[in-house]
Every structure is written in structure tokens, then in C-alpha cells.
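# Coordinate inspection notes
The lines below spell out each chain.
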Amino acid sequence: MRLVIQRVSDAKVTVNETVVGEIGTGLLVLAGFGQADEADLPGKPVWKKMLDKLFNLRIFPDDEGKMNRSLADIQGDLMLISQFTLYADCKKGRRPSFTNACHPYIAESLFDRFVEDARKETPGLFATGRFGAEMHLDFTNWGPVTIILDSDDL
């Protein structure tokens, strides 16, 4: 599993010209699953570690402007977006290969479960896009701050 985490001051996701999700200050997270990710991933320790890191990364400023506060600390919002292209392989040629991405059937169930688990822990507003849909994201990356978490690194 890979997460691209962006600290935002606002974010909005649109599908077919309809806004399906909107948040204020918090995190916009692109979530992707790879070939090695299987249906039982939610039962493994790495699942909990990824969620724990997501909610407890200290990337929001404290009163002195230092990155010392987490999403939980600031009672921030969270937006999750499915993103299979996080597993693009660009080693050969100019067209990315997506064979490293998880099969859509498994990826959708994993994403749905990640949404369910994250929604329970989100202190502020929670939003998501639609799995497999063409989505348009409008957001303001605050900082900019962008962090990549990969389950292979935990």
C-alpha cells in the first residue's frame, strides 16, 4: 500500500461535474494498492501501522511554527482518493505500465475498508472520491508539505 499525504488548507473532489467531497484544513491522501497487497491486508499489523502513521504524523505547525502537531491534534479533516497510478512503472519506454497495481476487484475492497477504518478515526470532516471514476481534485497544498508512506518501508 502506498499513501501520498498532502497537508492542505482545503480540498474538493468532483465527479461528472458534481462535487462529491470537500474538506477544510487537514490531509488529502492518495491511496494505492499493489500486486503484493491481498484481501487479508486489513488484518495484518502493517495496516494498523499505516493508519497510525497517517493520523499521528506531526506535520502541522505548533504555536512556534514547528511541525509538531498531528491531524488528531488539530482535529483536522481527511479526504481519501483511490489512486492506482501510484504503482506506475516507468522504467521502460515512455508509457507507464500499471502491472504492479493491485487487481481492481481486490483494490476496491481494500480501499473501501481503508475508508471505513479511516472514517472512524477522523477527528474532523471526512470525504472521499469514487473508486474507478475520473475525478478532478482542487486543493491548496499548505506548505507545500507532501509525504509518501509505503507499507514496504514499515
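Everything discussed here concerns the structure shown above.
Looking now at the packing of aromatic side chains. Following the criterion strictly, the structure yields five aromatic pairs and no others. Summarising the aromatic geometry, the rings of Phe60 and Trp142 are spaced 5.9 Å apart at their centres and angled 55° between planes, so their arrangement reads as tilted. Pair noted here: Phe60 is in strand E4 (residues 60-61) and Trp142 is in strand E8 (residues 135-150), with a separation of 82 residues, a long-range link. With a relative accessible area of 1%, Phe60 lands in the buried category. A centroid spacing of 6.3 Å and a plane angle of 40° characterise the contact between Phe111 and Phe131, whose relative ring orientation is tilted. Separated by 20 residues along the polypeptide, Phe111 in helix H3 (residues 104-121) and Phe131 in the loop between strand E7 (126-128) and E8 bring together distant segments of the chain. On the accessibility criterion, Phe131 (29% relative accessible area) is partly exposed. The structure contains a cluster of three or more aromatic residues connected by ring pairs, namely Phe33, Trp47 and Phe114. One Lys or Arg, Arg2, reaches over the ring of Tyr87 and ends 4.1 Å from the middle of that ring. Of note, Arg7 hangs over the ring of Trp142, and the distance from its end group to the ring centre comes to 4.3 Å.

Procedures and definitions
- Residues numbered from 1 in each chain as written.
- Predicted model: local features only at pLDDT ≥ 70, side-chain atom pairs only at ≥ 80, totals over all residues.
- Heavy atoms only, no water.
- Phe/Tyr/Trp six-rings, centres within 6.5 Å; stacked < 30°, edge-to-face > 60°.
- Helix = DSSP H or I, 4+ residues; strand = E, 2+ residues; numbered from the N terminus.
- Buried < 20%, exposed > 50% of the residue type's maximum accessible area, 1.4 Å probe, protein only.
- Lys NZ or Arg CZ within 6 Å of the ring centre and 35° of its normal.

Note that every value here comes from positions in space, so none of it alone points to a role or purpose.
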